[in-house]
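# Architecture at a glance
Here is what each chain is made of, one letter per residue.
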Amino acid sequence: MSRKPIIAGNWKMNNNKAEARELIDGIMYGVSQLDGDKMPEVVVAPTYTALWQVYDIIKNEPKISLAAQNVNPNPSGAYTGEISLSMLSDFKVKYVIIGHSERRQMFNESDEFINQKAIAILNSGMIPIICCGETLEQREQGVTDVHLEGQITKALKGISAADVEKSVIAYEPIWAIGTGKSCDAAEANRTIGQIRKVVAKLYSQATADKIRILYGGSVKPSTIVEQMAQSEIDGGLIGGASLKADSFIELIKGAM
Ligand code: PGA
């Protein structure tokens with residue numbers, strides 16, 4: 001089974017123009033020193049306001065792809081403050097992060113809305129990175145697997161097997177995000193294995209074997225090697241440790 005690993009940096013609401021420039025310049029330099037054949041796919045997700053600048057800097061660097069942190073699934077219209085897929089396509093955005101727990105919790109995004117986004121993203125030729133994850137309470141109650149099955153089943157509703165195979169899932173236990181407390185690698189591996197079983201149940205084992213499933217939640221240079229050694233973990237979606245070029249490059253190296 002060869003699934004190309006992904007190391008994706010989610011910059012969240014960080015980095016003004018000068019900061020975004022410094023970070024992407026540092027990443028560009030670090031990546032230029034690495035062997036492209038051995039590298040994971042490297043993805044950066046700046047804020048919308050930095051997309052143009054980052055796109056302009058990486059556009060001739062095939063080792064780095066661009067992601068958006070969100071999108072509105074409607075084609076255009078009266079959606080004040082929102083950004084469409086056609087706008088993202090101006091910057092050759094390849095991936096769009098959807099279903100992040102911060103958006104589910106702080107912006108009340110429903111499973112249905114996330115499903116609409118996944119469909120619109122795939123229809124426009126981009127790839128969704130569909131986040132899922134349980135709260136600490138759910139984990140303690142022993143309902144993690146059932147909860148994740150529900151989130152994944154609803155996110156993938158109406159999507160063809162061919163589109164699911166291209167998609168990416170990120171398992172991000174909410175209690176591990178930004179807390180410094182990463183999920184134990186073996187447990188993350190087990191949980192991701194369960195998510196893959198859900199995809200196999202909904203589609204087929206062949207589809208489940210193709211979809212890439214990342215782990216996210218306090219991934220650091222000190223944890224990445226053990227995480228990447230797990231058979232089910234196809235890479236990382238990284239917040240805090242992606243905000244400094246040196247640590248992001250260490251994460252990329254940890255996935256080589
Ligand atoms: P973190 O964030 O690496 O800062 O925990 C991960 C994420 O929310 O994607």
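Let me begin by describing the structure that accompanies this report.

What counts and how
- Residues numbered from 1 in each chain as written.
- Predicted model: local features only at pLDDT ≥ 70, side-chain atom pairs only at ≥ 80, totals over all residues.
- Heavy atoms only, no water.
- Axes fitted to C-alpha atoms, helices over the stretch in contact; angles between N-to-C directions.
- Helix = DSSP H or I, 4+ residues; strand = E, 2+ residues; numbered from the N terminus.
- Left-handed = near helix turned anticlockwise from the far one by under 90°.
- Contact = heavy atoms within 4.5 Å.
- Nonpolar A, V, L, I, M, F, W, Y, C, P; charged D, E, K, R; others polar.
- Core = buried A, V, L, I, M, F, W, Y, C linked by side-chain atoms within 4.5 Å.
- Buried < 20%, exposed > 50% of the residue type's maximum accessible area, 1.4 Å probe, protein only.
- Near = heavy atom within 4 Å.
- Polar contact = N/O pair within 3.5 Å; in protein donor to acceptor, adjacent residues only side chain to side chain.
- Areas by Shrake-Rupley, 256 points an atom, 1.4 Å probe, with all protein chains shown as cover.
- Parallel < 35°, antiparallel > 145°, perpendicular 65-115°, else oblique.
- Salt bridge = Lys/Arg side-chain N within 4 Å of Asp/Glu carboxyl O.
- Pairing = 2+ DSSP bridges.

This paragraph deals with the packing of helix H1 (residues 17-32) against helix H12 (residues 245-254). Put simply, H1 and H12 touch, their axes get as near as 9 Å, and they point 35° apart. Crossing handedness for the pair H1 and H12: right-handed. Between H1, through Leu23, Gly26, Ile27, Gly30 and Val31, and H12, the contact on the second element is made entirely by Ala245, Phe248, Ile249 and Ile252. The residue makeup of the contact of H1 with H12, split by class, is 7 nonpolar, 2 polar and no charged.

All right, on to the nonpolar core then. Of all hydrophobic cores here, the largest spans 69 residues; its most connected members are Ile27 and Val96. Once residues within four sequence positions are removed from consideration, Ile27 is found in contact with Trp11, Val44, Ile64, Ala245, Phe248 and Ile249. Within the second largest apolar cluster, 14 residues are counted, among which are Ala8, Ala45, Ile97 and Leu214.

What follows is about the site of the ligand. Taken together, 13 residues surround the ligand, and among them Lys12, His100, Glu172, Gly178 and Ser218 come closest. Contact distances for the ligand include 2.7 Å between an oxygen atom and a side-chain N or O atom of His100. Contacts to the ligand include Gly178, whose backbone N or O atom sits 2.7 Å from an oxygen atom. For the ligand, the protein covers 96% of the area, taking 280 Å² as the surface of the free molecule. Residues of the shell around the ligand, tallied by class, amount to 4 nonpolar, 7 polar and 2 charged.

To continue, consider unusual backbone geometry. Located in the positive-phi region is Lys12, a residue other than glycine, with phi close to 50°. Within the fold, Lys12 resides in the loop between strand E1 (6-10) and H1. Look at Asn15: it is not a glycine, yet its phi comes out positive at around 85°. Relative to the helices and strands, Asn15 is located in the loop between E1 and H1.

Their axes nearest at 10 Å, the elements helix H7 (residues 144-155) and helix H9 (residues 185-202) cross at an angle of 45°. Taken together, the axes of H7 and H9 are oblique relative to one another. Crossing angle aside, the handedness with which H7 passes H9 is right-handed. The residues of H9 that touch H7, namely those facing Thr144, Asp145, Leu148, Glu149, Ile152 and Thr153, are Arg190, Thr191, Gln194, Ile195, Val198, Val199, Lys201 and Leu202. Here the contact of H7 with H9 is composed, by residue class, of 6 nonpolar, 4 polar and 4 charged.

A full pass over the atoms with the stated rule returns 21 salt bridges. Note that Glu109 and Arg103 form a salt bridge whose closest N and O atoms lie 2.7 Å from each other. For Glu109, a relative accessible area of 8% puts it in the buried group. The shortest N-O distance in the salt bridge between Asp163 and Lys166 comes to 3.0 Å. Of the two residues, Asp163 and Lys166 both sit in helix H8 (residues 161-166), 3 residues apart, roughly one turn of that helix. Lys166 sits in the partly exposed class, given a relative accessible area of 45%. Three or more residues are tied together by salt bridges with common partners; here these are Glu134, Arg139, Asp145, Glu187 and Arg190.

Here the focus is the sheet that holds strand E4 (residues 95-98). Pairing is parallel in the closed barrel, where 8 strands are placed in the order E1-E2-E3-E4-E5-E6-E7-E8. Across the sheet, the mean angle separating the axes of adjacent strands is 25° when strand polarity is ignored. Packed on one face of the sheet, H12 meets E1, strand E2 (41-45) and strand E8 (235-238) and runs near 160° to E1.

By themselves, these are just geometric observations and shouldn't be taken as functional.
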